[in-house]
Amino acid sequence: MTNIEQTKTGRESEPLALCRGMQIGILIVAYNAVTTLVKVLQRIPPPVWENVAEVVVFDDASQDSTYELALGYKAVAGNTKFHVLKNEKNLGYGGNQKAGYQYFMERGFDVVVLLHGDGQYAPEVLAHLYHPIVTGEADAVFGSRMLGDYGGPLKGGMPFYKYLGNRILTTFENFSLGMHLSEFHSGYRAYSLHALRQIDFSRMTDDFHFDTEIIIKLNHQGLRISEVPIPTYYGGEICYVNGMKYAKNVAKAVYRYQRTCQSVECFPEFQEYFTHYPAKTSKYSSHYWFLQLAGNHQDILDCGCGEGFFAAELDKQGNRVTGVDVLPFPKNAFAFQQYWQADLTRGLEDVFDRVQGRRFDRVLLMDVLEHLPRPELLLRDCHGVVKRNGQILVSVPNVANFTVRLLLLFGKFDYTERGILDKTHVRFFTRKTARAMLTAAGYRILRERSTVIPIELAFGLSPENILMKTLNRLLAVATAWMPNLFGYQHIFVAVSGKPAAE
């Protein structure tokens, strides 16, 4: 007996169909499926009907009689596991899925399988989709037409142009996301609802590339994805997908995800992955210089430490780091010996009672002063926490960088998510004004450095890319030659002198 014959009989599904005590739901998304929906329901194998808790049709405000047909089928079949719901307005392919997943999550289900009402995906293999989740082998399972077990997509009637587009997009997505799926664009899927509860659906698209966005999120969050082979079928069903628009949206979703993860821009559908101040790994960045200047085995007070990404690097060098920031609890709390929550706009006033006369070898004010309306308050208070021979390390953005000068030349001064014109900056500095501020606050400057423009962020490439490395070195030479023009940030190493009179 062939694989296809076994699938049609449902015999192959019988041992796989067991729910093992889990509540399994089948979500059938339907839009104008009056000619196909009943056939889809009739093709669900009896062992699957026996083991699933609910089969629910979500009719997305169809313009035909899909909803009425489904109600009629329910009345005739008398199946208490079968339910029909209709959206008051069309939610779109992604929006309809979100409504369905929410339905099953609210009812405490364990697994949901996505099946299309147009008959394009074989209900006979439903058990193959949910079985790996039931057995604890996967968090999500995707049906793949590219695995070839059922003769391959072309033999199943997939038009060659769709096959080619599918392969090109899948190759692009695998390369961009570091994945190894045989197909990204099958709509036949099963999910652990425990996994879906970890996904923020609130700002995800309602369009067809919702399927791509959910793969991106599953992969980002380290959830286990498996694939199973499925038959390919192309019949007379109407396709509502604009291929070129879909491909463009898929590419845009990957781009927007990467830009958000790189903290260049914060796109709403991936905003939970945006880190305002991530660790900077490129050579000659502020983190590069601060790691060298902070030294090893030092007592360090990191003011404005954020989530602790940089503190984790300091910890690797044997330093003992105390963090101060407005966050209630940093993600990388393990990197701190102590963490103190404080509003630095008031200097160190909020933590004086916890300092209790303690002094530090290094006080870091990295990317902090530009966020404070009165940075002199924090500089003044740092005199009281740095050791006699200790140092404060300060970095500020260089508003005189040539990129800002060019923008001003064309009459632009637009704020951004990060960078020199970060929308949270309230103070702007040149090297000269930063020096004057430190001197006025009672510090003596020992050394100065300037960071290079993070060109890799503009191109969306890794700092390890050979082209980025080359440009980085060229910028380092230009920055050393003309720091006022090419410097991205100015870094100062200073020691406490006589505090300035208040």
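An account of the accompanying structure is given in this report. Since the model is a prediction, treat every value here as computed from it, not as a measurement. (Residues numbered from 1 in each chain as written. Predicted model: local features only at pLDDT ≥ 70, side-chain atom pairs only at ≥ 80, totals over all residues. Heavy atoms only, no water.)

### Description of the overall build of the protein
- When helices and strands are tallied, the protein shows 19 helices and 14 strands.
- Dimensions of the protein, computed from C-alpha atoms along their principal axes, come out at roughly 90 × 45 × 40 Å.
- Buried positions account for 52% of the 502 residues belonging to the protein.
- Of the contacts made within the protein by residues no fewer than 6 positions apart, 73% connect residues no fewer than 24 positions apart.
- In the structure as shown, the protein presents an accessible area of about 23000 Å², 55% of it carried by carbon and sulfur atoms. (Helix = DSSP H or I, 4+ residues; strand = E, 2+ residues; numbered from the N terminus. Buried < 20%, exposed > 50% of the residue type's maximum accessible area, 1.4 Å probe, protein only. Contact = heavy atoms within 4.5 Å. Areas by Shrake-Rupley, 256 points an atom, 1.4 Å probe, with all protein chains shown as cover.)

### Brief notes about the sheet that holds strand β12 (residues 386-397)
- Pairing is mixed across the open sheet formed by seven strands, whose spatial order is β10-β9-β8-β11-β12-β14-β13. Each of the sheet's edge strands pairs with one partner strand only, and the pair in question is β10 (338-341) and β13 (443-450). Averaged over all neighbouring strand pairs, the angle between strand axes comes to 20°, with direction disregarded.
- The pairing of strand β11 (residues 360-366) with β12 spans six bridges and is parallel. Of the residues in β12, the one forming a bridge with L364 is L393. (Pairing = 2+ DSSP bridges. Axes fitted to C-alpha atoms, helices over the stretch in contact; angles between N-to-C directions.)

### Regarding the sheet that holds strand β4 (residues 111-116)
- Across the sheet, which stays open at both edges, the seven strands sit in the order β3-β2-β1-β4-β6-β5-β7 with mixed pairing between neighbours. The open sheet terminates on both sides in strands that have one partner only, identified here as β3 (82-86) and β7 (225-229). In this sheet, adjacent strand axes meet at a mean angle of 20° when their direction is disregarded.
- In the sheet, strand β1 (residues 24-30) pairs with strand β2 (residues 54-59) via six bridges, with the strands oriented parallel. By the bridge assignment, G25 is partnered in β2 with E54.

### Things to note about a nonpolar patch on the surface
- Together, L154, F160, L164 and I168 make up a nonpolar patch on the protein surface, roughly 400 Å² of accessible area in all.
- Of note, L164 is situated in helix α7 (residues 160-177). (Patch = residues over 30% accessible without salt bridge, like charges linked within 9 Å, V, L, I, M, F, W, Y side chains within 5 Å. Salt bridge = Lys/Arg side-chain N within 4 Å of Asp/Glu carboxyl O.)

### Section: the side chain of N249
- Take N249: it is sitting in helix α10 (residues 243-261).
- In this view, N249 contacts D207 and H209; residues no more than four positions away in its chain are not counted.

### With respect to the nonpolar core
- Membership of the largest hydrophobic core comes to 40 residues, with the highest contact counts inside it found for I26, V48, V55, V113, L129, Y130 and Y188.
- Of all elements in the fold, only β1, α2 (37-42), α3 (46-51), β2, α4 (66-77), β3, β4 and α6 (126-134) reach the threshold of two or more residues within this core.
- No other element matches the six residues that α6 contributes to this core.
- What I26 contacts, discounting residues up to four positions off in sequence, is V48, V52, E54, V55, V56, F104, V113, L115 and L126.
- Residues L27, Y191, F270 and Y273 belong to the second largest nonpolar core, which totals 36 residues. (Core = buried A, V, L, I, M, F, W, Y, C linked by side-chain atoms within 4.5 Å.)

### Section: the pattern of salt bridges
- Overall, the coordinates contain 21 salt bridges when judged by the stated rule.
- The closest approach of N and O atoms between D211 and R189, which form a salt bridge, is 4.0 Å. Residue D211 is located in helix α9 (residues 210-220), and its partner R189 is located in strand β6 (residues 189-192); the two are separated by 22 residues in the primary sequence. Exposure class is identical for D211 and R189. Each is buried.

### Quick look at α7
- Its 18 residues give α7 an end-to-end C-alpha distance of 25 Å, which sits within 8% of 26 Å, the value for a rise of 1.5 Å per residue.
- All of the buried residues along α7 are N166, L169, T170, E173, N174 and L177. Summarising the axial view, the buried residues of α7 lie within an arc of 135°, below the 170-degree limit, and thus occupy one face. In α7, those exposed residues whose orientation departs by more than 90 degrees from the buried face are F160, Y161, I168, T171 and F175.
- The inward-facing, buried residues of α7 abut α9 and α10. (Expected span 1.5 Å × (residues − 1). Arc of directions from axis to C-beta.)

### Quick word on α4
- Helix length check: α4 (12 residues) gives 16 Å between terminal C-alpha atoms against 16 Å at 1.5 Å per residue, within 8%.
- Listed as buried for α4 are T66, A70 and Y73. Projection of α4 onto a plane perpendicular to its axis shows the buried side chains occupying an angular sector of 60°, all on one side. Facing away from the buried side of α4 by more than 90 degrees, the exposed set consists of A75 and V76.
- Taken together, the buried residues of α4 touch β1, α2, β2 and β3.
- Within two residues after α4, G78 carries a phi angle of roughly 65°, on the positive side.

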